[in-house]
Amino acid sequence: MCRIFKENKRVYMLKEMKNFFKNKTILKPYKNNTILYKNFKTYDEMFLTNPYIRRGVNLIANAVSNVDFYFIKNKMKTENEKLQNLFLKPNQFDSWPSFIESIITNYIIYGNAYVYLSVDKDGKLELNVLNSKNTSITVNKNNIEYLYKDGGESVKITNKNFPYVFHFKIFNPNDCLYGASLLEAIQVSATLQNDIDLHNLSIIQNGGRVSGIITIKDKAGIVSEEAKENLKYNLI
C-alpha cells in the first residue's frame, strides 16, 4: 500500500513539475566550453592529459634512472671501459639518466620498450630508445621482425645482425608479442578524474552557475510565494 502511495505521489510530482516548468527555462551546461567530455583513446593521451598519471610515471622513471650501475663478471665487480662509455653516453642526444627514463616511460605507458643497438659512422656502438607507439612486431618464418615507422619512413629490423632491437615487455595474458600497459588497469579511474576536473572547469567558465538552476523568462523575475511553496513541496 505504501509503495502504491509513493508511486502515485511520484507521478503527481512529475505532472506538477511539468506544469511549473512550462514557462521556465533550465540553465544548460556552458556551450562555449571547447573542452570535450570523452574517454581516452590512447595510453599516451592518458599520460599527457592526466596530471596524476604523468606525475606518477615521471617519479618512477626518474627514480630508476638515478640508480647507479656496475658490471659483474663471475659474481665479481669488474671494469669494462667500452661498455661503461656506451652506458654513460648511449647516443649523441642522451645521457644515461635520460636514456633510462625514456625506457621506463615507454615501458609503463605502452607495456613495451624497444632499445635500438646500432653502429655509428665511426664504428662506435649506439643505443637509442624507439617510440613504442611507432614500433610493430611481425613473425615471418619463425623469425621476429620489428618495423619502426617515423615521419613517413619505415625501417625493418630482423635481429640477424646489426642493427639489433632489445624488446622489454610487461606480461600480457592476451598477447605473446606485445606487453600490457600498466595504465589499462586505471583507465576508468583516470577517466572519472578527468571528467570531474572538466565539470568543475565548466562551472567556473559558466560564472559559477551549475546546470539545473531555474531561470524565469519574465523580465521581472518575480515568483509568487505559492509557486515557491509548490516547487519546494514537489521537489522534496
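Scroll up for the structure.
A. Geometry of the overall build of the protein chain. Across its full length, the protein chain holds 7 helices and 10 strands. Restricting to contacts in the protein chain with at least 6 residues of sequence separation, those with at least 24 account for 60%. Here the protein chain displays about 17,200 Å² of accessible surface, and carbon together with sulfur accounts for 56% of that area.

B. The sheet that holds strand β5 (residues 125–130), seen in detail. Spatially, β5-β4-β9 is the arrangement adopted by the 3 strands of the open sheet, whose pairing is antiparallel. The open sheet terminates on both sides in strands that have one partner only, identified here as β5 and β9 (164–169). Sheet twist, expressed as the average angle between the axes of neighbouring strands with direction ignored, equals 20 degrees. Looking at chain direction, strand β4 (residues 112–119) and β9 are connected through 6 bridges and run antiparallel. By the bridge assignment for β9, Val115 is matched with Phe166.

C. Molecular detail of helix α5 (residues 96–110). A rise of 1.5 Å per residue sets the reference length of α5, with its 15 residues, at 21 Å; its end C-alpha atoms lie 21 Å apart and thus fit the reference within 8%. Contact partners of the buried residues in α5: α2 (43–49), α3 (51–65), α4 (81–88), β4 and β5. Phi turns positive one or two residues past the end of α5, at Gly111, with a value near 80 degrees.

D. Geometry of the sheet that holds strand β8 (residues 153–157). Read across the sheet, 3 strands follow the order β6-β7-β8 without closing on themselves; strand pairing throughout is antiparallel. Every other strand in the sheet has two partners, leaving β6 (135–140) and β8 as the edge strands with one partner each. In this sheet, adjacent strand axes meet at a mean angle of 25 degrees when their direction is disregarded. When β6 meets strand β7 (residues 143–150), the two strands line up antiparallel, connected through 6 bridges. Across the sheet, residue Thr138 finds its bridge partner in β7, namely Glu145.

E. The arrangement of the nonpolar core in detail. Within the largest apolar cluster, 20 residues are counted, with the highest numbers of intra-cluster contacts made by Ile53, Phe99, Ile100, Ile103, Leu127 and Leu183. In terms of residues, this core owes the most to one element, α5, which gives 8 residues. The residues touching Ile100, leaving out its near neighbours within four places in the chain, are Val64 and Ser65. Grouped together as the second largest cluster of nonpolar side chains are 8 residues, Tyr116, Ile137, Tyr146 and Val165 included.

F. Examining the pairing of β8 more closely. One ladder, built from 5 bridges, connects β7 with β8; its direction is antiparallel. Bridge pairing links Tyr146 to Ile157 in β8. In this structure, the hairpin formed by β7 and β8 is closed by a connection of 2 residues, where Gly151 is found at a positive phi of approximately 60 degrees.

G. Structural context of unusual backbone geometry. The phi angle at Asn74 is positive, at roughly 55 degrees, despite the residue not being glycine. Note that Asn74 resides in the loop between β2 (71–73) and β3 (76–78). Look at Lys75: it is not a glycine, yet its phi comes out positive at around 65 degrees.

H. Inspection of the packing of α3 against α5 at higher detail. Where α3 contacts α5, the two axes come as close as 8 Å, and the packing angle between them is 140 degrees. When the axes of α3 and α5 are compared, the pair comes out oblique. As for the relative orientation of α3 and α5, their crossing is right-handed in sense. Contact with α3, carried on its side by Val57, Ile60, Ala61, Asn62, Val64 and Ser65, involves Trp96, Pro97, Ile100, Glu101, Ile104, Thr105 and Ile108 of α5 and no other residues of that element. Looking at the contact of α3 with α5 residue by residue, the class counts come to 9 nonpolar, 3 polar and 1 charged.

I. Quick look at a nonpolar patch on the surface. A surface patch of nonpolar side chains, about 270 Å² in accessible area, is lined by Tyr164, Phe166 and Phe168. In this fold, Phe166 is placed in strand β9. Look at Phe166 and you get partly exposed, because its relative accessible area is 36%.

Conventions and cut-offs
Residues numbered from 1 in each chain as written. Predicted model: local features only at pLDDT ≥ 70, side-chain atom pairs only at ≥ 80, totals over all residues. Heavy atoms only, no water. Helix = DSSP H or I, 4+ residues; strand = E, 2+ residues; numbered from the N terminus. Contact = heavy atoms within 4.5 Å. Areas by Shrake-Rupley, 256 points an atom, 1.4 Å probe, with all protein chains shown as cover. Pairing = 2+ DSSP bridges. Axes fitted to C-alpha atoms, helices over the stretch in contact; angles between N-to-C directions. Expected span 1.5 Å × (residues − 1). Core = buried A, V, L, I, M, F, W, Y, C linked by side-chain atoms within 4.5 Å. Buried < 20%, exposed > 50% of the residue type's maximum accessible area, 1.4 Å probe, protein only. Parallel < 35°, antiparallel > 145°, perpendicular 65-115°, else oblique. Left-handed = near helix turned anticlockwise from the far one by under 90°. Nonpolar A, V, L, I, M, F, W, Y, C, P; charged D, E, K, R; others polar. Patch = residues over 30% accessible without salt bridge, like charges linked within 9 Å, V, L, I, M, F, W, Y side chains within 5 Å. Salt bridge = Lys/Arg side-chain N within 4 Å of Asp/Glu carboxyl O.

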